[in-house]
Amino acid sequence: MNGKHDQTLKRAATASRGQRVTDSALILPLVGIILFLLPIMWPRSSDLDPVAGTATSTALIYLFVVWAGLICCALGLAFVIKRFGVGRR
Amino acid sequence: MLSLDLLIFVSLIYVAFLFGVAFWAERASDAGRGGWMRTPLIYTLSLSIYCTAWTFYGAVGFAARSGLEFLTIYLGPTVVLIGWWLILRRLVRIARAERITSIADLLSSRFGKSALLGGLVTVMAVVGTTPYIALQLQSVTTSISVFAKGTQNILSSTNIALWTAAGLAVFTIVFGTRNLDVNERHSGVVMAIAVEAIVKLLALLAVGVFVVWGLAGGAGDVLARIDASPIAQWEVSTGRWIGLTFLSAAAFLCLPRMFQVMVVENSQESHLATASWAFPLYLLLMSLFVIPIAVVGLDILPAGSNPDLFVLTLPLSAEQNGLAMLAFLGGFSSATSMVIVAAIALSTMISNHIVTPIWLRARGQGATISGDVRSVVLTSRRISIIGILTLGYLYYRISGGGAALASIGLISFAGIAQILPVMLGGIFWQGATKIGALAGLICGLVVWSYTMFLPSFGPEVLISQESIDHGLWGVHWLRPTALFGIEGLDPVVHAVFWSILLNSFAFVAGSILSRPSPLERVQAVQFISAFDSGPSARGWQRGATDAEDLLSMAQRIIGAAQAQNLFRTAAQRQGKQGYLPDPTPQFLETLERGLAGSVGAATAHAMLGQMAGGSSVTVEDLMAVADETAQIMEYSNQLEAKSGELTTTARKLRDANEKLTKLSIQKDAFLTQISHELRTPMTSIRAFSEILQDPDLSDGDRPKYARIIEDETQRLTRLLDDLLDLSVLENGQVSLELRQARLRDILDRAQASANVDKHIRIRRSAGREDIFILTDPDRLTQVFINLMANAAKYCEAQQPELRVIVTETPSAITVDFIDNGVGVGKAHQDMIFEKFARASDHSKAGGAGLGLAICREIISNLGGQISYLPGQRGAAFRVSLPRD
């Protein structure tokens, strides 16, 4: 009885984890798109006010940090998926 | 300065090394030791063919011109890979299930195994890839020319391009078309490009490290130089940033070579999970030093230096010959790996979607008769590879290698990206149809050509300056750089925006307005529900197909060893020994997919269809079968109707038979009756004749007996007359003399002829009898005489009386003869009209009993009827005559 209960719990937990992994796998690219498109709203230098623009070095650091962050998330997700086999549905 | 001879020597060594690696990998794979080659790492490295010479040299140039904008080319693929769960996983799953061999095959297969669509995508791919191959040749040539500067030129640039193209063709043919793999995977090539991927990454990183820590003073210094450089400000236009990111993502999915390594060469879905982070990491590393190299190059090198070559010229300027050599090999690797894979992918598409369908059609029964399909496919691929490289070379010669690398790359990307809407629609939207796909692709191709491809050759080459300035045919809103009058957009963004928008619009509209064929529907379900691992909907039926024939065909296509292996495995799975499994539907499906790996889905289906003949069941066949079933059902309905008819006929026949039997009995009875009727008078005639011969007979008796004989003879004559009359009437041989006659006259005549007034009193109502009818008066008189005589004969009342009542109704005239006797008993009423029927005993009747039978026949011949009228307290007969 107890074992059966445990099994049910386990299955529910697995299903829930599968759902969460799937959801994050779908959301991650969306987050990537938003973060990568963010720079288009940054201030740009203009002839009238040359100082207000964003420096390329700042943009460079931002983009590479976001990029690396996304790679880490994808790595974590890939690890979870490979470990628990959600991908082999 | 590095000598050109040394450079070429090292290059040749490197090429030989690559050949060796590829050869060794093929050997290992053949020997079954290739397991480690199917690792996620090799898979990820093979994806690096995305980074071509355009990336290796061009990215720095791009960055030097437009700053961070070059990153869009890597951010797009990064997003695609991070989102692998949504699109790539589905593509890989579908490709595996359907044995997809190329992107053309994917679309062809999705839209009802359409050869037309496959051909169109192939043409688009060739058109889109040719400039790209030219670009690679150009980069190799340009990079060599850097080293050749100042030395005596032993090789002209065109020669270099030609030799490079030739070398690449040889490599591709040797390792790309060595065999026809059922999975269309190429261990040797994949291994070689993995090695090249490492070389180019290491080369770029090495140059980057040297630039940052050798030429500049570390990371901080580089950042400071960036802020001081011409690209110090973030000046990326919104449209280009979004447009180029989208374009690179689209191209990453649709480029034939990317599809080849990412989807077709994928051996395990889990490799995608690794690649989802590893390949973005590779891209990150590849682009990490691009801006520093560009900035330092702009800073150090003399003004006017080609920024596309900073990767080479920076080490050279610092006299770092070894590094320059490595950088050159990196660039060389980038160019060659791209060309090799692109050539393999395109040659597969050309042979599967253009050559083989045409060849099969030309041969008619091709696959089933003799002939080596395998050699045809391989030869066509080899020729295609040569053709593709020749095209690339020609494009390079014609375009003169002038345009900046980046712009050529973008034109290619935009052309290939036209496939994206149809591809995504194909794998996500069940309602997408072939017509829609064709409409979308053609629309996208036309808009792309007009706004981007044709103008790229420069004015007056393929499109006139007049058209560029004022629109096609002078229509202002058709200007190739400002469609619909929208000006001010960046040309690339403008072209991509309009081509993809109109493409998608045509695709959706075409799909909604057209109906998919049955096969399309089935394939749509297969593709959309790629993750529901149900049994396949399309199917082969166990039929007359001979496993041996199938084996001989498969051997011709995928090679003897592979085919035998496939067959033996299938046989073992069925629990059989040997090489010949039962041609079960499952086996046929496996075989079709196996063949599809070599010749494409559409062709494999057609071949197996020819082979299996009528036993192959496509949905179209099922439809045909359904039609046949409908026909059979209709036929069965007809049979049922006929059977019903037959039943009716049989019943009629049975009735007729019964009637005949009855008639036969009646005839027998009649004959018995008539014999009896004839015999009685004959007996008395004979007896009295004998008595008359007696000499002792007194004279007084003699006349008495003679009268008896005479009476009997008369009776006989009357009987025979009646019989004759009846026979004539019954056979319908009687000729009636119809004329208008007054009923009263007929009755008068009958009363006179019957001569029964002394036996019975006849009461008539003369007023009602004044009717004219169309009849045969003599025959009718005969009937009336009979009825009157009968009444006189049988009425046993004290004062016999016969009433004759004439009644007129709209449809008939009835004449009732009603006497005041006892009438006819109920039991006899039914049969008084039969021959020889008599209600009372014979002696009294004095007739043959044919009177009423004759009456009935006469009246029926006159179109009326005679019946007994019960319930009149005496015998009552009703004669109904039709009114004219």
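What counts, and where the lines are drawn
- Residues numbered from 1 in each chain as written.
- Chains lettered and ligands numbered in written order.
- Predicted model: local features only at pLDDT ≥ 70, side-chain atom pairs only at ≥ 80, totals over all residues.
- Helix = DSSP H or I, 4+ residues; strand = E, 2+ residues; numbered from the N terminus.
- Buried ≥ 20, exposed ≤ 12 C-beta atoms within 10 Å, placed from the backbone.
- pLDDT = per-residue confidence, 0-100.
- Contact = placed C-beta atoms within 7 Å.
- Core = buried A, V, L, I, M, F, W, Y, C linked by C-beta atoms within 7 Å.
- Domains from an automatic or database assignment.
- Pairing = 2+ DSSP bridges.
- Axes fitted to C-alpha atoms, helices over the stretch in contact; angles between N-to-C directions.
- Nonpolar A, V, L, I, M, F, W, Y, C, P; charged D, E, K, R; others polar.
- Parallel < 35°, antiparallel > 145°, perpendicular 65-115°, else oblique.
- Left-handed = near helix turned anticlockwise from the far one by under 90°.

Helices and strands together make up the secondary structure of chain B, namely 34 helices and 11 strands. For chain B, buried positions account for 48% of its 884 residues.

Along the backbone of chain A there are 2 helices and 0 strands. The 89 residues of chain A split such that 22% are buried.

This part covers the confidence of the model for chain B. Residues and elements named next belong to chain B. Taken as a whole, chain B shows an average pLDDT of 79; of its residues, 84% reach a score of 70 or greater. Note on residues 366–370: pLDDT is under 50 here. Beyond four places in sequence and across chains, it has 11 contacts. The model gives residues 613–617 a pLDDT under 50, and that stretch makes 14 contacts with residues more than four places away or in other chains. On the interface metric, ipTM, the complex scores 0.86, and its pTM is 0.64.

All names here are of chain B. Counting residues in each nonpolar core, the largest one holds 199 residues, and the members touching the most others are Val207, Cys254, Ile293, Val311 and Ala417. Examining the composition of this core, we find that 21 residues originate from one element, helix H16 (residues 321–363), more than from any other. The residue makeup of this core includes at least three contributed by each of domain 1 (4–418) and domain 2 (419–534). If you look at the next biggest cluster of nonpolar residues, it comprises 43 residues, including Leu780, Ala792, Val824 and Ile832.

Moving on, we come to the environment of B:Gly440. Residues and elements named next belong to chain B. One can find Gly440 in helix H20 (residues 434–456). Judged by the 28 C-beta atoms lying within 10 Å of it, Gly440 is buried. Separated by 64 residues in the primary sequence, Gly440 and Ser504 have C-alpha atoms spaced 6.0 Å apart.

On to helix H4 (residues 72–82) of chain B, then. For H4(B), the tally of buried residues reaches 11 of 11 residues, placing the bulk of the element in the interior. The set of residues buried in H4(B) consists of B:Thr72, B:Ile73, B:Tyr74, B:Leu75, B:Gly76, B:Pro77, B:Thr78, B:Val79, B:Val80, B:Leu81 and B:Ile82.

As a further point, take the sheet that holds strand E11 (residues 876–882) of chain B. All names here are of chain B. Here 5 strands make up an open sheet; going across it, the order is E6-E8-E9-E11-E10 and the pairing mixed. Either end of the sheet is taken by a strand with one partner, and the two such strands are strand E6 (761–764) and strand E10 (865–868). In this sheet, adjacent strand axes meet at a mean angle of 15 degrees when their direction is disregarded. Two strands pair when backbone bridges link them, and strand E9 (residues 812–819) and E11 are joined in this way by 7 bridges, in the antiparallel orientation. Each bridged residue has a counterpart across the sheet, and for Asp816 the counterpart in E11 is Arg878. In the packing of helix H31 (residues 777–794) onto the sheet, contacts are made with E6, strand E8 (801–808), E9 and E11, and the angle to E9 comes to roughly 20 degrees. Each of E10 and E11 touches helix H34 (residues 851–861); the most contacted strand, E10, lies at about 140 degrees to it.

What follows covers the environment of B:Ile785. All names here are of chain B. Locating Ile785 in the fold gives a position in helix H31. Considering only alpha carbons, one finds Ile785 and Asn755, 30 residues apart in sequence, at a separation of 8.8 Å. Excluding anything up to four places from it in sequence, Ile785 contacts Ala750, Ser753 and Ala754.

Moving on: the interface of chain B and chain A. On the side of chain A, 33 residues touch chain B, which itself brings 33 residues to the contact. Taken together, the elements giving at least two residues each to the side of chain B that touches chain A come down to H4, helix H10 (219–228), helix H11 (238–254) and helix H13 (270–288) of chain B. Sorting elements by how many residues they give to the side of chain B that touches chain A places H13(B) first, with 8 residues. Here the side of chain B that touches chain A is composed, by residue class, of 21 nonpolar, 9 polar and 3 charged.

Let us now look at the packing of helix H1 (residues 4–30) of chain B against helix H9 (residues 187–215) of chain B. Residue and element names in this part refer to chain B. Running from N to C, H1 and H9 point in directions that differ by 135 degrees, and their axes come no closer than 7 Å. Looking at the two axes, H1 sits oblique to H9. Remark: the crossing between H1 and H9 carries right-handed chirality. Contact residues: H1 offers Leu18, Val21, Ala22, Phe23, Ala25, Glu26 and Ser29, while H9 offers Ser187, Gly188, Val189, Met191, Ala192 and Val195. Here the residues of the contact of H1 with H9 sort into 9 nonpolar, 3 polar and 1 charged.

All names here are of chain B. Closest axis-to-axis distance for the helix H2 (residues 40–47)/H9 pair is 8 Å, and the angle between their directions is 70 degrees. By the criterion of interaxial angle, the relationship of H2 to H9 is roughly perpendicular. Facing H2, whose interface residues are Ile42, Leu45 and Ser46, H9 presents Val190, Ile193, Ala194, Ala197 and Ile198. For the contact of H2 with H9, a count of residues per class yields 7 nonpolar, 1 polar and no charged.

All right, on to the environment of B:Gln829 then. All names here are of chain B. Its location among the elements puts Gln829 in helix H32 (residues 826–829). The exposure class assigned to Gln829 is partly exposed, which follows from the 16 C-beta atoms found within 10 Å. A sequence separation of 41 residues divides Gln829 from Pro870, and the C-alpha atoms of the two residues are 8.4 Å apart.

A few words on unusual backbone geometry. Here B:Asn755, not a glycine, exhibits a phi torsion of approximately 55 degrees, which is positive. Following the sequence through the fold, B:Asn755 ends up in the loop between helix H30 (743–754) and E6.

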